[in-house]
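Commentary on secondary and tertiary structure
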Amino acid sequence: MSLWLYLHCPCLLLDSLYAPSSVQAVGLVSEQEGRLVQLSVAASTHGLNTGMGLGAAALICHQLAVYPYCAVKEQSALEQLATQLYPLVAEISLNPPKGLWLHVSPMLALYQGFPSLWQAVTQTLVESGIRYQAGVGQTPRAAELMAYGHAGKISTDPEHLQAALQQLPLAAAPLPETVKTQFTRLGLSRLGELIALPTASLTRRFPRTVVDYLAEVRGAQPTPLRYFQPPLQFFQQRVLLFELSEQAHLLPIIENLVSALCRFLEQRNACTPALTLGFSLRDGCEETLPVMAAHGEKNVERWMALVRLRMASWQVSQPVTAVSVTASQIDCHQPGQTDLFSAQQGEQNRDELVATLAARLGEEAVMRLAYVDHHRPETASQHVPHHHSATPTASAPTRPRPSLLLPQPIPLVGKVTLREGPERIVTGWWEGAPIQRDYFIAQNAQQQWLWVFRTPEQTWFLHGWFS
């Protein structure tokens, strides 16, 4: 038996927005009609209803906060909800602007029955704060009708589903109002009464779209669906109903988004080496803060530690109206290897320490040495930002080099003992600044290891120290 679950989210956009207070009465208004289209729970308790005009709503609730409805943002919220449900049910189809079809029958064996699957789905919806109406049916259209007209009663028994479908009021069907008026004039009030009519009679009395819709409800005709494919990259945005200027108020929102990112990565056994925080400001400008990890990471605690350090050096220039988290580079997770016989290490390795410093000081403030293909020692390396990849053509020297190299050689003072050398370097004649040096590894009276060289004029210079 094919089994479908339909989720109708009547206040999807409003529920996906961030409101600091649950007691604030909030409504979304259609700018074309000037009427309320979505209401918060607090607004409903004040006696407000969807379809109500702004004047009447203001008389009933003086504290009502009104914001414009945006179909594009609701479409984005629907896709984000499908992405969250995708790990639970693979076959999901969007029914914009507020609905999702979930083909659950292929998943019943995995969950050992519908109750466990339904519990996982509802838990995701509750954690997301999304209000919903749900329906189960043997066809996608039947499940949709059950969600509209039979909300709150979930059953997978075939006989119960058929009986409940027959008793559904025609007013709940997603059909044009002109067609519903025609049903009323003909004395039809239940779906079963309409299905019982012969197909020829239906074709004469109603538009072809109604006949096709009833065929899809019964399963005599397939419903054209396009299954949802989650994005390969992560992006989630939380639009704020109230402008925020304090980092202390922004951090909980960021943590919620970072947690969603880590769930996204965990479900795919993946990780990301970087994320980007996006802030929409009051004047319409956008500010971004890149946050880099030492390596691919998917742990929310480690990410939030880096985020807090990164935000400590960032000042909110204007009130923030929306917050987003983006991760474009998604890699396969490679768990760290631990040597059984290695000595006890600190809590942070070198890469983690570098990432922490970069988050605190800024990416461009933490540098590393990179080799440069040049024979002159003082120009054979350069400082580059730590996250820049090494130049592929540059190779490390084959002879020992000191860990501390002086910017310019200085005259050698004191007696030294030569331990290794010479290494002759002759270069630069094509640049008009030729050099000829014989380098030695030497040791002075303080037992320090030096890198010294001798010129053709038998003058000695110190160029660096070995650690």
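Quick notes on the rules
Residues numbered from 1 in each chain as written. Predicted model: local features only at pLDDT ≥ 70, side-chain atom pairs only at ≥ 80, totals over all residues. Heavy atoms only, no water. Phe/Tyr/Trp six-rings, centres within 6.5 Å; stacked < 30°, edge-to-face > 60°. Helix = DSSP H or I, 4+ residues; strand = E, 2+ residues; numbered from the N terminus. 1 Å grid on protein atoms, 1.4 Å probe; cavity = no way out; pocket = protein on both sides within 12 Å on 5 of 7 lines; lining within 4 Å. Points joined across faces, edges and corners; volume = space filled by probe spheres on them. Nonpolar A, V, L, I, M, F, W, Y, C, P; charged D, E, K, R; others polar. Contact = heavy atoms within 4.5 Å. Polar contact = N/O pair within 3.5 Å; in protein donor to acceptor, adjacent residues only side chain to side chain. Axes fitted to C-alpha atoms, helices over the stretch in contact; angles between N-to-C directions. Left-handed = near helix turned anticlockwise from the far one by under 90°. Patch = residues over 30% accessible without salt bridge, like charges linked within 9 Å, V, L, I, M, F, W, Y side chains within 5 Å. Areas by Shrake-Rupley, 256 points an atom, 1.4 Å probe, with all protein chains shown as cover. Salt bridge = Lys/Arg side-chain N within 4 Å of Asp/Glu carboxyl O. Buried < 20%, exposed > 50% of the residue type's maximum accessible area, 1.4 Å probe, protein only. Parallel < 35°, antiparallel > 145°, perpendicular 65-115°, else oblique.

Per an unreviewed UniProt entry, the recorded name for the protein is DNA polymerase Y family protein, and the organism is Salinivibrio costicola.

Description of the packing of aromatic side chains
A full pass over the atoms with the stated rule returns 13 aromatic pairs. A ring pair is formed by Tyr67 and Phe242, whose centres lie 6.3 Å apart and whose planes are at 80°; its orientation type is edge-to-face. Here Tyr67, found in strand E4 (residues 65–68), pairs with Phe242, found in strand E8 (residues 234–244); they are 175 residues apart in sequence, far enough to count as distant. Here the aromatic rings of Phe440 and Trp460 are separated by 5.5 Å at their centres, their planes lie at 40°, and the arrangement is tilted. Taken together, the residues Phe440 in strand E17 (residues 435–444) and Trp460 in strand E19 (residues 460–465) connect sequence positions 20 residues apart.

Regarding empty space enclosed by the protein
All told, the structure shown has one cavity of 30 Å³ or more when counted by the stated rule. A volume near 70 Å³ is recorded for the largest cavity. Mapped onto the lining of the largest cavity, the elements with two or more residues apiece are strand E16 (416–427) and E17. Its residues assigned to classes, the lining of the largest cavity shows five nonpolar, one polar and three charged.

Brief notes about the environment of Ala215
Summarising the element assignment, Ala215 is placed in helix H12 (residues 208–218). For the pair Ala215 and Ala294, spaced 79 residues apart in sequence, the C-alpha to C-alpha distance is 57 Å. With near-sequence residues (within four places) excluded, Ala215 lies in contact with Ala220 and Gln221.

Notes on the side chain of Lys98
With respect to the helices and strands, the residue Lys98 is situated in the loop between strand E5 (92–95) and strand E6 (99–103). Only 3.5 Å separates the side chain of Lys98 from the side chain of Glu74, close enough to count as a polar contact.

Overview of the packing of helix H7 (residues 140–149) against helix H8 (residues 158–167)
Put simply, H7 and H8 touch, their axes get as near as 10 Å, and they point 65° apart. The handedness of the crossing between H7 and H8 is left-handed. For the pair H7 and H8, contact is made by Ala142, Leu145 and Met146 and by Leu161, Ala164 and Leu165, respectively. Broken down by class, the residue content of the contact of H7 with H8 amounts to six nonpolar, no polar and no charged.

Quick look at a nonpolar patch on the surface
A surface patch of nonpolar side chains, about 270 Å² in accessible area, is lined by Leu353, Leu357 and Leu361. Positionally, Leu361 belongs in helix H15 (residues 350–361). Classification of Leu361 by relative accessible area gives exposed; the value is 55%.

Let's talk about the pattern of salt bridges
Two side chains with opposite charge may pair up if their charged atoms get near one another. Tallying each qualifying case throughout the model produces 13 salt bridges. One salt bridge in this structure joins Asp15 and Arg131, with 2.9 Å as the shortest N-O distance. Here Asp15 is found in helix H1 (residues 12–16), whereas its partner Arg131 is found in the loop between helix H6 (114–128) and strand E7 (133–137), with 116 residues between them in sequence. The closest approach of N and O atoms between Glu243 and Arg282, which form a salt bridge, is 2.8 Å. Of the two residues, Glu243 is situated in strand E8 and Arg282 in the loop between strand E9 (270–281) and strand E10 (286–297); the sequence distance between them amounts to 39 residues.

Re the packing of H7 against H12
Two elements in contact, H7 and H12, have axes whose closest approach is 6 Å; the angle formed by their N-to-C orientations is 95°. On the basis of the axis angle, H7 is roughly perpendicular to H12. For the pair H7 and H12, contact is made by Arg141, Ala142, Glu144 and Leu145 and by Tyr213, Glu216 and Val217, respectively. For the contact of H7 with H12, the residue count by class is four nonpolar, no polar and three charged.

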